[in-house]
Structure formats: C-alpha cells, structure tokens
Amino acid sequence: MDTKKMLLLGDEAIAQGAIDAGVSGFYAYPGTPSTEIMEYAQHSKEAAEKNIHRRWSANEKTAVEAALGMSYAGKRAIASMKHVGLNVAADPFINSALTGANGGLIIVSADDPSMHSSQDEQDSRFFGKFAMIPILEPCNVQEAYDMAFYGFDLSEKYKIPVMIRITTRLAHSRGGVVPRKKIEQNKMKLPENKRQYVLLPAIARKSYKHLLELQNKFLEESINSPFNKYMEGKDKSLGIIACGLGYNYLMENFQDTGCPYPVLKISQYPPTVPQIAKMVDECNEILVLEEGMPVVEELLRGMLNRTGKMKGRMSGEIPRDGELSPNIVRMGMGMEDLTGNAAPSMLAQRPPSLCKGCPHIDTYKAINEAIKSVYGDGHIFSDIGCYTLGALPPFESINSCVDMGASITMAKGAADAGLFPSCCVIGDSTFTHSGMTGLLDVVIEKTNIVVFIVDNSTTGMTGGQDSHALGRIQDICLGLGVEKEHFHIINPLPKNHNEFVEIIKKEIAYNGPSVIVPTRECVQTYKLHASKDKEKSNE
Amino acid sequence: MKCNIVLAGVGGQGILSIATVIGYAAVDSGLFLKQAEVHGMSQRGGAVLSHLRISDKEIYSDLVPEGRADLIISAEPMESLRYLPFLSKEGWIITNKNPFINIPNYPAIESILAEVEKQPHHISFDGDGIAKNTGNARGVNMVIAGAASVFIDIPFEKMKEGVRFIFNRKGEDIVNKNLMALEEGRKYALEHR
Ligand SMILES: Cc1ncc(C[n+]2csc(CCOP(=O)(O)OP(=O)(O)O)c2C)c(N)n1
Ligand code: SF4
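Comments concerning the overall build of chain A
Then, number 1: The number of helices and strands found in chain A is 20 helices and 19 strands.
Then, number 2: Against the compact-globule benchmark of 24 Å for 539 residues, chain A has a radius of gyration of 26 Å, which places it among compact chains.
Then, number 3: Summarising its shape, the C-alpha atoms of chain A cover approximately 75 × 65 × 60 Å along the three principal directions.
Then, number 4: In chain A, which comprises 539 residues, the proportion classed as buried is 59%.
Then, number 5: Per element, the accessible surface of chain A, about 22400 Å² overall, is 54% carbon and sulfur.
Then, number 6: Between the mean site of the 56 positive side-chain charges and the mean site of the 64 negative ones, chain A shows a separation of 5 Å.

Looking at the site of ligand 1
All names here are of chain A.
Then, number 1: The environment of ligand 1 is made up of 26 residues, and the closest members are E60, H360, D428, T430 and G460.
Then, number 2: Between ligand 1 and D428, the relevant distance is 2.7 Å, taken from an oxygen atom to a side-chain nitrogen or oxygen of the residue.
Then, number 3: In the model, an oxygen atom of ligand 1 is placed 2.6 Å from a nitrogen or oxygen of the G460 main chain.
Then, number 4: Put simply, the parts of the chain that give the shell around ligand 1 at least two residues each are α5 (83-88) and α17 (428-445).
Then, number 5: A per-element tally of the shell around ligand 1 places α17 first, with four residues.
Then, number 6: Taken together, the residues of the shell around ligand 1 break down into nine nonpolar, 14 polar and three charged.
Then, number 7: Summarising the domain contributions, the shell around ligand 1 has at least three residues from each of domain 1 (6-178 + 191-215) and domain 3 (359-526).

Description of the sheet that holds strand β9 (residues 229-231) of chain A
Picture the strands of a sheet paired through backbone hydrogen bonds; they go either parallel or antiparallel.
Then, number 1: Read across the open sheet, the five strands follow the order β9-β11-β10-β13-β14 (chain A); overall the sheet is mixed. Lying at the two open borders of the sheet, with one neighbouring strand each, are β9 and β14 (310-311) of chain A.

Some thoughts on a nonpolar patch on the surface
Then, number 1: Residues Y72(A), M188(A) and L190(A) make up a contiguous nonpolar surface patch of roughly 300 Å² in combined accessible area.
Then, number 2: With respect to the element layout, Y72(A) can be found in helix α4 (residues 60-72).

Section: the side chain of S96(A)
All names here are of chain A.
Then, number 1: Its location among the elements puts S96 in helix α6 (residues 90-99).
Then, number 2: Engagement of the side chain of S96 in a polar contact is seen with the backbone oxygen of F93, the distance being 2.7 Å.
Then, number 3: In contact with S96, not counting residues within four places along its chain, are L68 and P161.

A short note on helix α7 (residues 124-131) of chain A
Residues and elements named next belong to chain A.
Then, number 1: Taken residue by residue, α7 has S124, R125, F127, G128 and A131 as its buried positions. The arc that holds the buried residues of α7, viewed along the axis, is 155 degrees, so those residues lie on one side.
Then, number 2: Positive backbone phi, approximately 65 degrees, marks M132, located one or two places after α7.

Examining the domain arrangement of chain A
Residues and elements named next belong to chain A.
Then, number 1: When cut into domains, chain A gives domain 1 (6-178 + 191-215), domain 2 (229-301) and domain 3 (359-526).
Then, number 2: Its C-alpha centre places domain 1 at a distance of 33 Å from the equivalent point of domain 3.
Then, number 3: Counting from both sides, the interface comprises 13 residues of domain 1 and, opposite them, 14 residues of domain 3.
Then, number 4: A buried area of about 940 Å², summed over both sides, lies between domain 1 and domain 3, and 56% of it is on carbon and sulfur atoms.
Then, number 5: Among the residues domain 1 hides against domain 3, the three largest losses belong to Y29, W56 and Q119. Together they make up 46% of the total.
Then, number 6: Counting every contact that joins domain 1 to domain 3 gives zero salt bridges.
Then, number 7: A breakdown of the residues in the side of domain 1 that touches domain 3 according to their chemical character gives five nonpolar, six polar and two charged.

Some thoughts on the pairing of strand β2 (residues 23-28) of chain A
Residue and element names in this part refer to chain A.
Then, number 1: In terms of residue burial, β2 counts as a mostly covered element, since six of its six residues are buried.
Then, number 2: Bridge count for β2 against strand β3 (residues 53-56) is four bridges, and the pairing is parallel. Note on β3: the bridge partner recorded for F26 is R54.

Re the interface of chain A and chain B
Then, number 1: Listed as interface residues are 48 residues of chain A and, on the opposing side, 45 residues of chain B.
Then, number 2: The largest share of the area that chain A buries against chain B comes from E252(A), M346(A) and R350(A), three residues that together contribute 19% of it.
Then, number 3: One can count four salt bridges joining chain A with chain B.
Then, number 4: Ionic pairing is found between R350(A) and E79(B), a salt bridge with its closest N-O pair at 2.5 Å.

Re the environment of A277(A)
Then, number 1: You can see A277(A) is positioned in helix α12 (residues 273-282).
Then, number 2: For the pair A277(A) and L300(A), spaced 23 residues apart in the sequence, the C-alpha separation amounts to 9.8 Å.

Some details on the nonpolar core
All names here are of chain A.
Then, number 1: Among the nonpolar cores identified, the biggest contains 104 residues, and F26, I78, I240, I241 and L250 are the most heavily contacted of them.
Then, number 2: Of all the elements, helix α8 (residues 141-158) adds the most residues to this core, at 10 residues.
Then, number 3: Lining this core are residues from two domains, each supplying at least three of them: domain 1 (6-178 + 191-215) and domain 2 (229-301).
Then, number 4: With residues up to four places along the chain from it excluded, the contact list for I241 reads L264, I266, I276, M279, I286, L287, V288, L289 and L300.
Then, number 5: The next biggest cluster of nonpolar side chains, apart from the first, holds 48 residues, and it includes A366, I380, V425 and I516.

Some points on the packing of α4(A) against α6(A)
Residues and elements named next belong to chain A.
Then, number 1: Interaxial distance between α4 and α6 falls to 10 Å at its minimum, and their mutual angle equals 15 degrees. One element, α4, and the other, α6, form an angle in the roughly parallel class. The two elements α4 and α6 meet at a crossing, and its hand is right-handed. Every residue of α6 that contacts α4 at K61, V64, E65 and L68 is listed here: P92, F93, S96 and T99.
Then, number 2: A per-class count over the contact of α4 with α6 returns four nonpolar, two polar and two charged.

Describing the packing of aromatic side chains
Residues and elements named next belong to chain A.
Then, number 1: Taken as a whole and assessed by the stated rule, the structure comprises 13 aromatic pairs over all chains.
Then, number 2: A centroid spacing of 6.4 Å and a plane angle of 85 degrees characterise the contact between F254 and Y261, whose relative ring orientation is edge-to-face.
Then, number 3: On the accessibility criterion, Y261 (14% relative accessible area) is buried.
Then, number 4: Seen in terms of ring centroids, Y375 and F420 are 6.0 Å apart; in terms of plane orientation they differ by 85 degrees. Their pairing is edge-to-face. You can see Y375 sitting in helix α15 (residues 359-375) and its partner F420 sitting in the loop between α16 (406-416) and β16 (422-427), a full 45 residues away along the chain.

Some details on the environment of V150(B)
Then, number 1: Tracing the sequence through the fold places V150(B) in the loop between α5 (140-149) and α6 (156-167).
Then, number 2: The residues touching V150(B), leaving out its near neighbours within four places in the chain, are R186(B), A189(B), L190(B) and R193(B).

Re the packing of α6(A) against α7(A)
Axis angle and axis distance: for two packed helices, these are the angle between their axes and the distance between the axes, and together they describe the pair.
All names here are of chain A.
Then, number 1: Taken N-terminus to C-terminus, the directions of α6 and α7 make an angle of 40 degrees; their axes are 8 Å apart at the nearest point. The orientation of α6 with respect to α7, classified from their angle, is oblique. On α7, the residues touching A90, F93, I94 and A97 of α6 are F127, G128, F130 and A131.
Then, number 2: In the contact of α6 with α7, the residues fall into seven nonpolar, one polar and no charged.

Regarding the confidence of the model for chain B
Residue and element names in this part refer to chain B.
Then, number 1: Scored by pLDDT, chain B comes out at a mean of 94, with 97% of its residues at no less than 70.
Then, number 2: Averaged pLDDT values for the elements of chain B fall to 93 in helix α1 (residues 15-28) and rise to 98 in strand β4 (residues 69-74).
Then, number 3: Both scores are given for the predicted complex: the pTM is 0.96, the ipTM 0.93.

Quick look at unusual backbone geometry
Residues and elements named next belong to chain A.
Then, number 1: Here the amide bond leading from T32 into P33 is cis, since omega sits at 5 degrees, within 30 degrees of zero.
Then, number 2: Following the sequence through the fold, P33 ends up in the loop between β2 and α2 (35-43).
Then, number 3: The omega torsion of the bond from F420 to P421 falls at -10 degrees, within 30 degrees of zero and hence cis.
Then, number 4: Within the secondary structure, P421 is located in the loop between α16 and β16.

What counts and how
Residues numbered from 1 in each chain as written. Chains lettered and ligands numbered in written order. Predicted model: local features only at pLDDT ≥ 70, side-chain atom pairs only at ≥ 80, totals over all residues. Heavy atoms only, no water. Helix = DSSP H or I, 4+ residues; strand = E, 2+ residues; numbered from the N terminus. Rg over C-alpha atoms; globule rule 2.2 N^0.38 Å. Buried < 20%, exposed > 50% of the residue type's maximum accessible area, 1.4 Å probe, protein only. Areas by Shrake-Rupley, 256 points an atom, 1.4 Å probe, with all protein chains shown as cover. Lys, Arg positive; Asp, Glu negative; His and termini not counted. Charge placed at Lys NZ, Arg CZ, Asp CG, Glu CD. Near = heavy atom within 4 Å. Polar contact = N/O pair within 3.5 Å; in protein donor to acceptor, adjacent residues only side chain to side chain. Nonpolar A, V, L, I, M, F, W, Y, C, P; charged D, E, K, R; others polar. Domains from an automatic or database assignment. Pairing = 2+ DSSP bridges. Patch = residues over 30% accessible without salt bridge, like charges linked within 9 Å, V, L, I, M, F, W, Y side chains within 5 Å. Salt bridge = Lys/Arg side-chain N within 4 Å of Asp/Glu carboxyl O. Contact = heavy atoms within 4.5 Å. Arc of directions from axis to C-beta. Buried area = accessible area lost by both parts, 1.4 Å probe. Core = buried A, V, L, I, M, F, W, Y, C linked by side-chain atoms within 4.5 Å. Axes fitted to C-alpha atoms, helices over the stretch in contact; angles between N-to-C directions. Parallel < 35°, antiparallel > 145°, perpendicular 65-115°, else oblique. Left-handed = near helix turned anticlockwise from the far one by under 90°. Phe/Tyr/Trp six-rings, centres within 6.5 Å; stacked < 30°, edge-to-face > 60°. pLDDT = per-residue confidence, 0-100.

Here is the structure:
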C-alpha cells in the first residue's frame with residue numbers, strides 16, 4: 001500500500017476516501033463549496049479505471065435519488081451538494097432515512113457560513129437531525145478522508161444513510177492525507193426485504209418505529225466514535241464543547257501551552273450525552289463552539305436555560321452569524337484580541353462583475369432597452385448564476401434571486417397578479433435544474449410572461465461544468481408546449497442588438513408565454529476549450 | 001519552524017500558483033501544511049485570498065489567526081493592505097507595486113504606495129518590470145514567490161522544484177523562464193531587505 005501523504009482539499013479528500021472505500025457512484029449537482037468532490041472524481045484516473053459513475057445530475061434531488069437507487073442495488077454511493085441543494089433534495093433525503101440503505105449511502109452537504117457564495121448560511125446539521133440519521137463533521141482533511149470509510153461502514157451496519165457535513169473552510173483547505181488500504185466495490189445485491197423501499201403508510205409506520213429504535217444505537221456509536229473525544233482539563237471554570245472546525249480554532253489558541261479547560265470534541269452526532277452531562281456537572285460554565293448555527297448550543301440551553309451555564313452564539317460570546325476564526329474563539333474565551341492594524345479606510349472593494357465579453361452583458365443591454373427603459377424597474381425576475389450580477393451596476397436589470405428556478409414561477413405569480421410585462425431571466429443549467437417544471441405551469445395556463453433562457457453552454461457560476469441543457473433547450477421548450485412562433489434563439493452579438501430588441505418587443509406584445517434564448521458560449525469555457533484544442537494540435 | 005502566510009491578489013493573477021510552489025516546497029521538506037483557498041467568484045475580477053500555513057508541528061486552524069501572519073504576499077499593492085489585520089507586529093509585506101485596476105474607484109496609486117511605505121517591514125517592487133526583463137512578462141507571480149522565498153525557512157532548491165512541478169507539463173523553456181523569474185525576485189529581496 002502506498003502510504004505517502006497526498007495533498008488534498010477537504011472536498012478531494014472525501015472523494016478520494018470514497019474511491020478507496022469502494023464507492024461505485026458519485027452523484028452531484030455543482031454548488032460552491034461542494035463542487036470539487038465530483039470534479040476530483042471526474043479527473044481521477046483510478047475512478048475511471050474502476051468504472052465508477054461520476055457524472056453530474058440535473059439537480060440535487062435527482063442526485064440523491066440516483067444514489068439511493070445505487071444503494072438499493074447493494075453498491076456504495078455518495079451524493080454531494082451545497083447546503084441549499086439539500087433543500088432541493090429534502091424529499092428523498094428525509095424519506096431515505098425511512099427506507100434506509102442497502103449498499104453504503106453517504107450524503108455530503110457543504111455549508112457556507114458567512115455566505116461567501118450562497119444565498120443563506122443554513123446549517124445542514126438541522127437536516128441531519130430532522131432525518132434522524134448520524135452526522136459526521138470532519139475537522140481536517142484526514143478526518144474527511146477517513147469518514148468516507150467510516151461513513152459507508154456505519155451506513156451498511158445499520159442500513160441507514162449517513163450525512164457528512166462540511167463547511168467552506170474545510171472544503172477548500174488543502175492538507176496532508178495518509179491513505180488507507182483500498183476496499184473493493186460491492187457486488188450488486190438487492191435488498192433482502194422486498195418492501196424495504198415501499199413507503200406505503202402501513203410499511204412506513206414500521207420503518208419509522210425502526211428508525212426511532214435506532215436512535216439509541218446512533219448515540220452509542222457517537223459515544224464510541226474515534227472522531228469524538230473528551231479531554232480532561234485542570235481548570236474547571238470553563239468547559240468547552242467544540243464541534244467540527246471549532247475544535248481547530250480552539251486548539252490553535254493553545255498550541256504551545258495546551259488547553260487548561262476540559263474539552264469535548266464533537267465530530268459525530270447525535271451529540272454524546274454522557275460526556276456533556278459530565279462536563280456540565282464539573283464545570284462552572286460551558287462554551288459551545290460551532291461553525292454555523294447554534295445547533296448544539298440551543299439543545300443544551302433548552303427553552304428555559306435552567307443550568308444558566310451555557311455560553312456561545314446565543315448569548316453573544318461568539319457572534320450570532322458568520323464563520324468562526326481563531327480570534328473569534330479566543331475572544332469568546334475572554335482572551336486578548338490579537339488582531340493587527342486595521343486596513344486603511346481608502347481601500348476600494350472589488351465587487352465581482354461579469355467577465356469582459358460575457359454574453360450576459362449583451363443580453364442585459366437588449367433587455368434594458370426593450371423593457372427597463374420603456375416600463376421602468378420591477379418587471380424582471382431572475383435566478384441564480386453569473387447573470388445574477390445583472391442586479392448590480394451598470395445594468396441593474398433584475399429584481400430577484402431567490403432559489404434555483406424561482407424566476408419563471410415568480411414571473412408567473414406576478415403576471416397572475418396583473419404585472420405587465422412580467423419577464424424572467426434564467427440560466428441554461430438552472431433551467432434544467434428547476435426551471436422546466438415551472439415553465440410547464442406557465443404553458444398550461446398560457447400565462448403572459450417572457451422567459452429569457454440565457455444559454456452560455458455551461459454552468460458558469462460554479463466554474464464551467466457541463467450543462468444538461470446543452471443542445472436541448474429548443475426540444476425541451478417545444479416539448480413542454482411553448483409555441484414555435486413564440487420561441488426564439490438569438491446570438492446576442494452587438495451586431496444583432498436591434499433584432500434582439502425587436503424580438504423582445506414583439507413577444508411582450510404577444511399575450512401568452514414566450515421564450516427567448518440568447519445563445520453564446522461563456523468566454524471562460526470558450527478560452528478553456530480553445531487552449532485544450534491548441535494543446536491537442538501541439539501534441 | 002513556523003510560517004503563516006496570507007496570499008492576496010485579484011482573480012487571474014496566479015496567486016494559487018504561488019501557493020502551490022511554496023506548498024510543494026514545504027511538503028517536500030517534510031513539513032506540515034495547511035492551505036485555505038477562497039474559491040468561487042474569482043474568475044470575475046474579485047479579490048482572491050489564500051491562507052498558507054507551514055510548520056514542523058501539527059497545524060490546527062486552516063486560517064491564519066488574525067495578527068499572526070509572518071508574511072503578506074501580494075500580487076498587487078492595494079490587496080496587500082487589505083489584510084493588514086492578519087499581519088503580526090514583526091511580519092513582512094512582500095508586494096508587487098503594479099496596481100491591477102479593474103474598478104472605477106481604485107484609489108490614487110501614489111497614496112496606496114505611500115501606505116505600503118508606511119508599514120514597518122515591507123518589500124515592494126516592480127514585479128511586472130522584473131518579469132519583463134527575464135523575457136517572461138507572465139512570470140510576475142514567480143518573481144513574487146522568489147522575493148518571498150527569502151523570508152520562508154525552506155531550502156531555495158525546494159522552491160525551485162516546486163516551480164518545476166507546476167510548469168513541467170508546459171515544457172523545458174517555460175520551466176526555465178519561470179525559474180529565472182523566481183531567481184530574480186529572490187535577488188531583489190536579498191538586496192532590498
Ligand atoms: C439549489 C442550488 N444548487 C446549486 C447552487 C449553486 N449554483 C449557483 S448558480 C449555479 C449555476 C448557474 O448556471 P447557469 O444557470 O447555467 O448560469 P451561468 O452561471 O452559466 O450564467 C449553481 C450551480 C445553488 N445556488 N442552489
Ligand atoms: S464565467 Fe462565463 S458566464 Fe460567467 S461572467 Fe464570465 S463569461 Fe459570463
């Protein structure tokens with residue numbers, strides 16, 4: 001076995017861990033900070049040789065369902081997504097706790113506290129708790145790697161899906177990983193109980209009782225987990241419960257001296273009740289460190305906060321929102337602030353902006369001329385992708401960005417309320433993620449909206465992954481029932497600007513659903529393809 | 001041995017390559033390494049940041065703690081100032097002087113450079129000029145890495161191997177050009193320290 005350390009991102013460590021632990025399929029939809037799990041698997045020669053499935057899914061829901069299907073067939077599968085992706089996949093995710101797993105099943109959800117590139121900072125541990133399944137939260141890349149092995153074993157031991165929850169810092173932090181002995185993939189083997197996956201009420205009631213019975217076992221597993229540990233400390237004025245990355249930031253502050261307080265490191269949930277009880281009994285106060293929302297803290301406090309001992313995000317020792325940092329944790333313990341000099345106030349921000357030559361720029365120019373300058377602000381719903389930057393100057397064209405797919409359906413609702421014109425801008429990848437079903441609603445009711453599907457042939461925002469929409473938008477739209485006369489494809493080049501504006505005006509005048517597809521490749525993927533072609537011709 | 005580095009720049013300036021060279025050298029020297037990268041919107045001209053931590057002991061935090069950076073290495077002068085709260089009292093700023101102006105309200109470059117000059121420990125240089133002189137205008141990031149190498153307690157030979165590691169795929173000529181950029185940056189820092 002090769003025990004040389006590998007230098008991997010947290011995301012990559014999970015992927016490599018899964019490959020080494022005999023996974024047969026990766027399923028995912030891109031989303032920062034989870035994207036590199038699938039990308040690593042896609043670039044892995046080893047995964048290719050082992051014939052491991054590693055294609056993007058249309059969205060997170062289809063990803064989790066496909067992973068569940070692979071698990072049904074007895075093989076190990078992993079589905080990965082960003083935190084808001086788990087909202088989309090919530091239905092199969094929650095119900096998979098009732099069906100259980102057959103082959104090992106891991107769901108990775110990557111949270112983004114501080115919202116570096118997300119709409120919210122929800123904490124996936126709530127979802128894990130809601131589903132009542134074990135949650136693993138690695139605090140370094142080695143744990144991330146090891147937890148793939150551990151997670152699959154745990155999943156197969158109890159026939160239950162297991163969640164791995166990571167956050168941005170670990171997902172995108174590189175460190176050394178010592179690999180383990182590789183495991184062969186499972187052979188296909190159907191579930192012994194042919195009704196295991198049939199959640200008819202009569203069966204589901206039994207499955208739910210079984211899930212409830214398992215809770216004690218999960219607690220036992222947490223207590224015996226190699227990832228949780230209780231460290232005694234002399235100074236009992238404070239006890240510290242450090243979850244996930246909180247443990248790193250804590251220990252960072254005692255690098256040279258060692259931590260004087262008792263510490264409970266939690267990287268596997270449900271939280272270990274007996275150890276917490278011991279700490280609460282022995283210590284005057286308890287500080288809870290969590291990357292994300294105060295999930296454990298709220299549990300420990302309870303509604304009445306009877307112990308009066310709990311400190312953390314809810315009482316303000318740690319800020320209520322945003323990421324942790326070594327200094328935030330330091331100050332939470334009442335230690336001196338080490339922050340250096342402030343940055344000079346004259347520094348300017350560099351807000352993200354559309355790349356030079358981006359096709360969305362030309363689309364917004366046409367939209368502004370045809371809609372904003374005629375009807376004013378407030379008529380254009382939008383979605384999530386590079387084109388969301390159309391909300392900022394110089395365009396200020398769009399008025400919403402909520403969740404993937406919401407542009408079409410919000411435009412519909414607003415049109416139903418009487419807004420005219422009611423329009424929306426949605427990316428090609430977002431359209432096949434969650435826009436198609438909304439468009440069906442629109443077509444069936446013949447709602448008077450204009451839909452722009454901005455087709456740049458890729459999933460640009462997350463780094464240029466393949467888009468399921470590629471080459472399919474026309475067929476999909478016409479198939480859903482959009483009328484041919486009101487479906488247009490146009491290359492939004494400056495020379496086509498006037499034609500583009502005319503099409504928009506004509507479709508606004510039409511009382512019914514219209515779809516306009518400005519089509520031109522993203523300049524980033526275009527450059528990538530061009531340089532790859534060049535490399536090829538040089539070979 | 002312990003070195004905390006904050007690497008700063010703008011998307012497309014090759015910050016992550018600097019991190020890879022130093023990181024490769026560190027791991028090859030048997031040191032522990034943690035490197036936090038900020039991914040996401042960088043391709044669209046936003047500020048880019050990477051935290052690089054090297055030590056002969058186990059490292060806990062992926063982030064450099066505030067006030068504990070030994071080095072701020074920046075491909076661009078305004079970005080070098082953005083992360084001052086991370087810099088320790090004895091820490092050094094190593095920065096390219098040439099601004100990357102992709103915003104309408106970039107402050108007057110003279111006042112930015114004056115702020116850099118005010119910092120107690122800094123080396124600022126015309127990275128673009130030095131790179132051009134080596135016949136490799138795109139080697140600015142390696143010039144910067146070379147300048148920083150003076151402050152990182154890792155054998156320079158290992159840094160060179162790091163450069164070979166990233167550019168090998170592109171042929172001997174590119175490797176040599178980047179090695180030259182690295183050497184020139186180091187030379188400048190040794191002379192102006
Ligand atoms: C449910 C959900 N999944 C994933 C993401 C991450 N995400 C944001 S935008 C985007 C893709 C956008 O692609 P596309 O619609 O083609 O627009 P482009 O960025 O290419 O303009 C993704 C995957 C998200 N915000 N929400
Ligand atoms: S990455 Fe592509 S789609 Fe996104 S702004 Fe740049 S050119 Fe436009």
